[in-house]
Amino acid sequence: MESKYNYFKRDISWLSFNYRVLLEALDERLPLYERINFISIYSSNLEEFYKIRVADHKAVASGATESDEETVQSARELVEEINKEVTRQLDDRVRIYEQKILPALRKNHIIFYQDNHVEPFHQQFIKDFFREEIFPYLQPVPVSKDKIVSFLRDNRLYLAIRVYPKKEEKNKGEETKENIEKYTGECINERNDGEGIKVGMEAARPNVTDFRQPLYFVMKQPYAKVPRFIELPSREKNHYLMFTEDIIKANLNLIFPGYDVDSSYCIKISRDADILIDDTASSADLVAQLKKKVKKRKIGDVCRFVYDRAMPSEFLDFLVDAFRIQRDELVPGDKHLNLEDLRHLPNPNKSLHSLEKPKPMKLTVLDEKESIFNYVAKKDLLLYYPYHSFEHFIHFLYEAVHNPETREIMVTQYRVAENSAVINTLIAAAQNGKKVTVFVELKARFDEENNLATAEMMQAAGIKIIYSIPGLKVHAKVALIRRRGLNGEKIPSYAYISTGNFNEKTATLYADCGLFTCRKEIVADLYNLFRTLQGKEDPKFTTLLVARFNLIPELNRLIDREISLADEGKQGRIILKMNALQDPTMIDRLYEASEHGVQIDLIVRGICCLIPGQSYSRNIRVTRIVDSFLEHARIWYFGNDGTPKVFMGSPDWMRRNLYRRIEAITPILAPDLRDSLIEMLNIQLADNQKACWVDDKLQNIFKKRTPGTPAVRAQYTFYDWLNKTNS
């Protein structure tokens, strides 16, 4: 039966979120290099989006794979719609970069060369730097139609170059295979100083009416050997930067002696990075598959060919034919591609201040001498990262290692940091004679190799490793410390349930929260969950909500309760904070609640397929917050007629989270901790600095500060609130 409701398309909604990230580059209240970093984040996000989402749609559109959710035609139409929206956004990125960022750098005495003009006092430096630092690593490769196709590596920057034989050459009309091979060898082996440097994209553009046949080359940029950005000598109070590819372009006549360099443009390929594995395979087979297939990620099918939009059409047509690019894979870009590299842009002006982000605080009640075990035995503890220090969790594990009453440590691993203190502590526990069990999710995208290597290292140290469950991903972020008295008596065990991974690095970047508790009902449920992960039983959960078991029935019950209250003339109230809202069934329940008068606020950072502003969603408001930290926590509030029920845990309301993953959500039972989560939600809803409304056209409409009201920047306001209560 067709739904009476409508929804945003998932991927178009995600593009709206990523565009909101780009808009941070316009915020002149931010330090300049923070604004530049948001352009980098936007570009990096877009690269991954093409590698996974667009690649999937293209596979359906080509008939290579089948999908229950889209047809060949709908996939083709969606790819076209995505490319159209991305092209629009990239136009804005060019304008922001060229008209806002570069002038701001110049105002701060940082001259970032972008065009053909370079000051005379730098020209000799550029020539010398090219010859000494770059030239030895360059290898132009000829490109020719109907011959062997050169392989373009994933996400690597190339220069596409067009040259003409000089008029004095004997063979003016055509270039033979022998000429090309001879020339390529000269490029590799010769170190000809040439006739001097001409700065710019053209060394000596030939007159195309002389009927000389052009030759085309591609040349990979040597960023493994040379930085992307080069600092040039300062002059008076000005500092100078230049892209490496611009230095190469300025010296192309030295690479191609005997030829007139017509033009050159940057290009790059994005390749399908998804890994198709037999999800029903046993753990041993899954490990073997992953080891084999992750190596093929870099040679996946083309999903995007990005090129400098200034490239002439005949030049582009030649490359399309030579590299066998499909027209729907073409995405016009800027003169400089791979702007995710801007996160490495040098800052030679030391007077430019960086953003003073909130520093992780340690709780005064948990100083180094205080036992977390003793504290949590008395009352639940809720930490907010990155406002609170992740060291508290490390200390929690460390205490378990050295507590003689610890019987077993059980942890899930989805994404961990390299050289992880968490993993090192677990290894220390095993070496200290403790039983340690770790569930490792091997199918965490882009972390497969790291997770596998970490698992093998833990296994070698004596840790019991449980690998992925066939057909499922385990996304729950939970830990359990099981204890028994030295004389066999029962003593408290400890449960930890989080919205984020056990990752020290992301704990300083992502806004998450984690609950420590000794409550017997939660400890028992968590132990049952770990037994389920080991395939030992079909559990019953009394307190925790676990996806694929009791989560959906309980969510429906909670929503029904708010609908009943609204029908009785009381206030029905729901606040949902998450990263993504996509599941049509749950969206329908929210639409239904809105139609009954339930007031609903959604704080959704990324994908939101629910459409506000419709007759059936008139009581629903969608807020999006993008700021210094990545909003990552999942917190759900149900008013319950004045006795609120508040939950936190790992899942978003995506189909994959609710039906195809193991997720864990805990109620917050301590009144003071429940109130602190409610305070956080209220502060975020009051944000008038970094919050946007998402409207019915997927536009990001910035919330305006009402005259006379205080400025509320949620992340910083909440940090101040936590700091005041830290006593």
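What comes next concerns the included structure. Computed from a predicted structure; not experimentally measured. (Residues numbered from 1 in each chain as written. Predicted model: local features only at pLDDT ≥ 70, side-chain atom pairs only at ≥ 80, totals over all residues. Heavy atoms only, no water.)

### So, the overall build of the protein chain
Phase 1: For the protein chain, the helix and strand inventory stands at 19 helices and 28 strands.
Phase 2: Residues classed as buried in the protein chain amount to 59% of the 727 residues present.
Phase 3: Summarising the internal contacts of the protein chain: among those between residues at least 6 apart in sequence, 78% fall at separations of at least 24.
Phase 4: As presented, the protein chain carries roughly 31700 Å² of accessible surface, and 48% of it is formed by carbon and sulfur atoms. (Helix = DSSP H or I, 4+ residues; strand = E, 2+ residues; numbered from the N terminus. Buried < 20%, exposed > 50% of the residue type's maximum accessible area, 1.4 Å probe, protein only. Contact = heavy atoms within 4.5 Å. Areas by Shrake-Rupley, 256 points an atom, 1.4 Å probe, with all protein chains shown as cover.)

### As for the packing of aromatic side chains
Phase 1: Evaluated as defined, the whole model comprises 38 aromatic pairs.
Phase 2: Ring plane angle 25° and centroid distance 5.4 Å describe the contact between Phe130 and Phe135, whose orientation is recorded as stacked.
Phase 3: Aromatic pair Tyr387 and Phe629: ring centres 5.9 Å apart, planes at 85°, arrangement edge-to-face. Linking Tyr387 in the loop between strand 10 (381–385) and helix 11 (391–402) with Phe629 in the loop between strand 21 (620–625) and strand 22 (630–631), this pair joins segments that are 242 residues apart in sequence.
Phase 4: Ring pairing ties together the aromatic residues Phe373, Tyr385, Phe390, Phe393, Phe396, Tyr494, Tyr496, Phe502 and Phe516, which thus form one cluster.
Phase 5: Note that Arg88 overlies the ring of Tyr19, its terminal NZ or CZ placed 4.8 Å from the centroid.
Phase 6: Looking at Arg482, its charged tip hangs above the ring of Tyr527, at a distance of 4.0 Å from the centre. (Phe/Tyr/Trp six-rings, centres within 6.5 Å; stacked < 30°, edge-to-face > 60°. Lys NZ or Arg CZ within 6 Å of the ring centre and 35° of its normal.)

### Description of the packing of helix 15 (residues 551–567) against helix 16 (residues 584–595)
Working note: a packed helix pair is described by the angle between its axes plus the distance between those axes.
Phase 1: At their nearest, the axes of helix 15 and helix 16 sit 10 Å apart, and the two run at 10° to each other. Classified by the interaxial angle, the pair formed by helix 15 and helix 16 is roughly parallel. Only Met586, Arg589, Leu590, Glu592 and Ala593 of helix 16 make contact with helix 15, whose side of the interface consists of Ile552, Leu555, Asn556, Ile559, Asp560 and Ile563.
Phase 2: Looking at the contact of helix 15 with helix 16 residue by residue, the class counts come to seven nonpolar, one polar and three charged. (Axes fitted to C-alpha atoms, helices over the stretch in contact; angles between N-to-C directions. Parallel < 35°, antiparallel > 145°, perpendicular 65-115°, else oblique. Nonpolar A, V, L, I, M, F, W, Y, C, P; charged D, E, K, R; others polar.)

### Re the environment of Met242
Phase 1: As for its placement among the helices and strands, Met242 is situated in strand 6 (residues 238–243).
Phase 2: The sequence separation of Met242 and Gln114 amounts to 128 residues, and the corresponding C-alpha distance is 7.3 Å.

### Quick look at the pairing of strand 20 (residues 599–604)
Phase 1: Burial analysis of strand 20 places five of its six residues in the buried class, which makes it a mostly covered element.
Phase 2: Note that strand 19 (residues 573–578) and strand 20 share six bridges and pair parallel. When the sheet's bridge partners are listed, Ile574 is paired in strand 20 with Ile600.
Phase 3: Crossover handedness for the path strand 19 to helix 16 to strand 20: right-handed.
Phase 4: Relative to strand 21, strand 20 is paired through four bridges, and the arrangement is parallel. Of the residues in strand 21, the one forming a bridge with Ile603 is Thr623. (Pairing = 2+ DSSP bridges. Right-handed = clockwise from strand over helix to strand, strands pointing away.)

### Structural notes on the packing of helix 18 (residues 671–686) against helix 19 (residues 714–725)
Phase 1: Here helix 18 crosses helix 19 at 145°, and the two axes come no closer than 9 Å. In the packing of helix 18 onto helix 19, the handedness of the crossing is right-handed. Of helix 19, the residues touching helix 18 (which contributes Ser676, Glu679, Met680, Ile683 and Gln684) are Ala714, Thr717, Phe718 and Trp721.
Phase 2: Class assignment for the residues of the contact of helix 18 with helix 19 results in five nonpolar, three polar and one charged. (Left-handed = near helix turned anticlockwise from the far one by under 90°.)

### Concerning the sheet that holds strand 4 (residues 215–220)
Phase 1: Taken together, six strands build an open sheet; the order of strands is 2-4-3-7-8-9 and the sheet is mixed. Across the chains shown, the open sheet's two edge strands, defined by having one partner strand only, are strand 2 (141–143) and strand 9 (330–333). Each neighbouring strand pair of the sheet contributes to a mean axis angle of 35°, computed without reference to strand direction.
Phase 2: Judged from the eight bridges that link them, strand 3 (residues 158–165) and strand 7 (residues 259–271) form a sheet pairing that is antiparallel. Residue pairing in the sheet places Tyr164 in a bridge with Asp260 of strand 7.
Phase 3: Its contacts with the sheet put helix 2 (residues 32–61) on strand 7, strand 8 (302–308) and strand 9, and the angle it makes with strand 8 is roughly 130°.
Phase 4: Contacts from helix 9 (residues 313–322) reach strand 2, strand 3, strand 4, strand 7, strand 8 and strand 9, with the element oriented near 110° to strand 3.

### Regarding the pattern of salt bridges
Phase 1: Under the definition given, this model contains 45 salt bridges.
Phase 2: Between Arg482 and Glu408 there is a salt bridge whose closest N-O contact spans 3.3 Å. Of this pair, Arg482 sits in strand 15 (residues 477–483) while Glu408 sits in strand 11 (residues 406–413), and the two are 74 residues apart along the sequence.
Phase 3: The class of Glu408 is buried, set by a relative accessible area of 5%.
Phase 4: Among the salt bridges present, the one from Arg634 reaches Asp652, with a minimum N-O distance of 3.1 Å. Placement of the pair is Arg634 in strand 23 (residues 634–638) and Asp652 in the loop between strand 24 (645–649) and helix 17 (655–659), with a sequence separation of 18 residues. An identical accessibility class is assigned to Arg634 and Asp652; each is buried.
Phase 5: Salt bridges here are not isolated pairs; linked through shared partners, they connect Arg20, Glu24, Asp27, Arg29 and Lys690. (Salt bridge = Lys/Arg side-chain N within 4 Å of Asp/Glu carboxyl O.)

### Side note on the side chain of Asn640
Phase 1: Tracing the chain through its elements places Asn640 in the loop between strand 23 and strand 24.
Phase 2: A polar contact is formed between the side chain of Asn640 and the side chain of Arg561, at a distance of 3.0 Å.
Phase 3: Ignoring anything within four residues of it in the chain, the contact list for Asn640 reads Arg561, Glu562, Leu565 and Lys645. (Polar contact = N/O pair within 3.5 Å; in protein donor to acceptor, adjacent residues only side chain to side chain.)

### Things to note about the nonpolar core
The nonpolar side chains of a soluble globular protein tend to be buried with one another.
Phase 1: In terms of nonpolar packing, the biggest core is built from 117 residues, with Leu590, Leu602, Leu610, Trp636 and Trp653 touching the most fellow members.
Phase 2: Looking at which element gives the most residues to this core, the answer is helix 2, with eleven residues.
Phase 3: Counting 43 residues, the second largest nonpolar core, distinct from the first, contains Phe373, Val436, Tyr467 and Tyr494. (Core = buried A, V, L, I, M, F, W, Y, C linked by side-chain atoms within 4.5 Å.)

### Quick word on the pairing of strand 24
Phase 1: Within strand 24, four of the five residues are buried, which leaves the element mostly enclosed by the surrounding structure.
Phase 2: As judged from the five bridges shared by strand 23 and strand 24, these two strands associate in the antiparallel manner. Among the inter-strand pairings, Arg634 is bridged to a residue of strand 24, identified as Gly649.
Phase 3: Count of turn residues in the strand 23/strand 24 antiparallel hairpin: six residues, of which Asn640 carries a positive phi of about 55°.
Phase 4: The pairing of strand 24 with strand 26 (residues 664–667) spans three bridges and is classified as antiparallel. Residue pairing across strands places Gly649 opposite Ile665, the latter belonging to strand 26.

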